[in-house]
Each structure stands twice: as C-alpha cells, then as structure tokens.
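Okay, here's what each chain looks like letter by letter:
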Amino acid sequence: MTTDFHNRVIDNDKFRDFVLPMEELKLIRDAMIFVHKSGLLLFSEGYYHPPGKLICNIVYIPDPEGEKEIFGLPYRSIIKTEEDGEEAWINYEAQLEIYRELAPESQVDKPPFARFKCQFDLADLIGFVDHRRSLKKARGLSPQIDDAIRNVAGMLKIHPDTIGVTGSLALGNLKTAHDYDLVFYGTVAEGWEIVDQIYRIVEDPKRQVYEMGMLWAIRFYDDWGNMICPFFSYTDPAEIPLKDFSMEMEQSGIEITGTVVNDRHTFYMPSVLRLAEAAVPGRGEMTELGLILYHGGLRGEYQVGDRVRARGDLVRVTTPEESYPALLSTNLTDSRKAEGGGE
C-alpha cells in the first residue's frame, strides 16, 4: 500500500529493519505494534480479532511537536502525559475520547470487550513488528541492550531467544534502553515459572515498580536497575483461552465479589480467571463465574484465594470447548482486591 506516510518512511533504516509487510503476518498476538497507513502506531489487544479487523489501542501519533523520534519523524504518546516532570497515565475514558477524535471509524461496530479500544481494518495497515525479531535486531545494534537481555534471561533462568520486545524499542528506538517492555514466549507452565520468580523478586520493596499512580504486580527492577515490564505470549495456540469465541451480553452495569479459584491466565492479556462464591445481582450466588479483564493494566494482579470486587457486564462466553457466564471488566479502575481473601 502506497500512502503519503508510507512514502515518507519507506527509506528510513529503522522502518526497513523493524517493520514487516502485512503479507507476512501469520498470527495477531497480544502486544504487537502495527503501523496504520496514516502513521498511527497501534498496539494489538488480545488474540481474538473479528475477520479482517484489528482490536487495538493507538499508542503513538505523528506530531510535529512530538519529542519521541520514530522512523525519523516526531511522535508523541497519547496514553501517557507528563506532570511535574514525571510520566502520568491518561485514563481509559480520556483515551477513548482521543480515539474518537483521531479515528472515528475505529469506534464503529466494536465487540463489547473492546469498549475502550479501537477496531481498524487490516487492509488499512502497512506493516507490523515481530517481538522476537525486533529484539534480535536491537541486540545486534546495541551491546548495552544485548547485555541487558542476557542478564535478565540469566536472572530468570531462560534462554535470551525466548524473549521479545514491544513498545518503542521494538520500532528501533534504542535511545531509552533502561525501561524494557519485554515479551516472554512459552507455554503457560513456562510462563508461571517466570511469574513465580517475579512474585518473589517484588517481595523486596526496592524491586517494586510504583509508576503512574499504582503499584504494578509483575513489573520489577532487575539486578542492574533496569525496569522490566513483562508481557507474555503463548507458544501453544491450544492454550489460548479466548482465541476463538463469541460473547453475548446478559446483564450490563453490575458489581460482583468473588474468590479467585483459578488464576492460570492471570498474567496474560486478557486475564481470564474463575471465581467462586460470586453473588450476581438478581441471580444469587453462582457456583462458578468467569472474570475476564479485557485490558492489560492488571496482569498478574489476582491470584488464587484473592477476594475480588469487580464492576462490568455479565456475559456468556462460548468457545469451541465450553460455554460459561463471566463478568467482563474493561476498565483498569473497575476491579480491586476486597477484604476476606488472599494472604
């Protein structure tokens, strides 16, 4: 696809080195960067996308006054801002208003789990970024990045080649290599081996990441002072709980409290949990209820035994394997730990 934006970046070395043509896309994974024909940089959300569509967030936009350079052009973030010299989070409601202004077409006929997200036509995208390919290239260009990845891999007892990267580093922006948005590839069991180590690491308050007004469950500072923001990507497609599914709305705007009895997918996006002792307004206590956090802000937050209070919509989820009721929560601020559970 040839567009004005494409013509501006086609000869940029970072664009050529880090962005792949859409014809090479085999699977839309969570946390992948896509390039829209207008120059918008999109961040994929989850593993299910309607035919011919991409469910995503807009993360960077071209801006003559932007302070981040990508593909040789100035960009700025629309999910973060700066207050008093520190990064601050732009909440989901405000992000949604920005999406509506920037790309109103992205807000048409969205599925219910994409309430605070965008939906773009794949035909309007000019490229995508592969997590592991980008990190391999970044490591080749920067001995500092290569050392950092080898160090964190050794710390977590995994092979460096199982790690990918997302965010601006995945696009070849190597200047801010002290915060790493790393994507760990593996089976669910292998992911848990990493997450269990992270839970032990963050028992030390000095290793915890408190950023943008919240304590992050599985972000941590490594042994060398780098901030690691982990994402996890399934290597066995059969383990993806919401890769192929339908979702029917049954009751909107409710609040429930339940106890986590299955946290197998807590550190993925979406986080798919199972609750027991969950009282649903008008329906009484349900033996078991799904809790689907269709946002990435609370990855790893909830574990078995935690008592969780959440607001959202009661939906029925149907996959090729099962059909079950679930509370769909799409906003970071709509769930929290309640008293009476956890450690």
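Refer to the structure presented above.
Please read these numbers as outputs of a predicted model, since none were measured by experiment.

Undergrad: Mind laying out the overall build of the protein chain, listing which residues take part and the relevant values?
TA: Secondary structure summary: the protein chain contains 6 helices and 22 strands in total. For 343 residues, the compact-globule estimate of 2.2 N^0.38 gives 20 Å, and the protein chain sits close to it at 20 Å. Within the protein chain, the proportion of its 343 residues that are buried is 57%. Of the side chains in the protein chain, 37 bear a positive and 56 a negative charge, and the two mean positions are spaced by 2 Å.

Undergrad: Tell me about the sheet that holds strand β10 (residues 163–165), and name the residues and values.
TA: Pairing is mixed across the open sheet formed by 5 strands, whose spatial order is β10-β11-β14-β13-β12. Unpaired on one side and paired on the other, β10 and β12 (208–211) mark the two borders of the sheet. Across the sheet, the axes of successive neighbouring strands diverge by a mean angle of 50 degrees, strand direction being ignored. Pairing of β12 with strand β13 (residues 214–221) involves 4 bridges; the strand directions are antiparallel. Each bridged residue has a counterpart across the sheet, and for glutamine 208 the counterpart in β13 is phenylalanine 220.

Undergrad: Any chance you could break down the environment of alanine 31 for me, citing the residues and the numbers?
TA: Relative to the helices and strands, alanine 31 resides in the loop between α2 (13–18) and β1 (33–36). Residue classification places alanine 31 among the buried positions, given a relative accessible area of 1%. Taking the C-alpha atoms as reference, alanine 31 lies 6.6 Å from threonine 166; in sequence the two are 135 residues apart. Setting aside residues up to four positions removed in sequence, alanine 31 forms contacts with Phe43, Ser44, His131, Thr166 and Phe231.

Undergrad: Just give me the short version of the packing of aromatic side chains, but keep the residues and values in it.
TA: The tally for this structure, following the rule as stated, stands at 16 aromatic pairs. Linked through ring pairs, Tyr47, Phe184, Trp192, Tyr199, Phe232, Tyr234, Phe267 and Tyr268 together constitute an aromatic cluster. The ring of tyrosine 185 is capped by arginine 132, whose NZ or CZ atom sits 3.8 Å from the centre of that ring. Lying over the aromatic face of phenylalanine 231, arginine 299 brings its terminal NZ or CZ to 4.0 Å of the ring centre.

Undergrad: Would you mind going over the packing of helix α4 (residues 131–141) against helix α5 (residues 143–156) in detail, with residue names and values included?
TA: Two measures define how a pair of helices packs: the angle their axes make with one another and the distance between the axes. Close contact between α4 and α5 brings their axes to 5 Å; oriented N to C, the two are set at 125 degrees. Between α4 and α5, the angle is such that the two are oblique. Residue-level contacts link Leu135, Ala138, Arg139 and Leu141 of α4 to Pro143, Ile145, Asp146, Ile149 and Arg150 of α5. Taken together, the residues of the contact of α4 with α5 sort by class into 6 nonpolar, no polar and 3 charged.

Undergrad: For unusual backbone geometry, give the residues involved together with the corresponding values.
TA: Geometrically, the link from methionine 269 to proline 270 is a cis peptide bond, its omega value of 0 degrees lying close to zero. Mapped onto the secondary structure, proline 270 falls in the loop between β15 (246–265) and β16 (271–276). A positive phi angle, near 55 degrees, is found at phenylalanine 71, a position not held by glycine. Positionally, phenylalanine 71 belongs in the loop between β4 (68–70) and β5 (73–77). What makes phenylalanine 71 buried here is its relative accessible area of 4%. A positive phi angle is found at aspartate 109, which is not glycine, with a value near 55 degrees. Note on placement: aspartate 109 falls in the loop between α3 (92–102) and β8 (118–121). Judged by its relative accessible area of 69%, aspartate 109 falls in the exposed class.

Here is what the cut-offs are and how they apply
- Residues numbered from 1 in each chain as written.
- Predicted model: local features only at pLDDT ≥ 70, side-chain atom pairs only at ≥ 80, totals over all residues.
- Heavy atoms only, no water.
- Helix = DSSP H or I, 4+ residues; strand = E, 2+ residues; numbered from the N terminus.
- Rg over C-alpha atoms; globule rule 2.2 N^0.38 Å.
- Buried < 20%, exposed > 50% of the residue type's maximum accessible area, 1.4 Å probe, protein only.
- Lys, Arg positive; Asp, Glu negative; His and termini not counted.
- Charge placed at Lys NZ, Arg CZ, Asp CG, Glu CD.
- Pairing = 2+ DSSP bridges.
- Axes fitted to C-alpha atoms, helices over the stretch in contact; angles between N-to-C directions.
- Contact = heavy atoms within 4.5 Å.
- Phe/Tyr/Trp six-rings, centres within 6.5 Å; stacked < 30°, edge-to-face > 60°.
- Lys NZ or Arg CZ within 6 Å of the ring centre and 35° of its normal.
- Parallel < 35°, antiparallel > 145°, perpendicular 65-115°, else oblique.
- Nonpolar A, V, L, I, M, F, W, Y, C, P; charged D, E, K, R; others polar.

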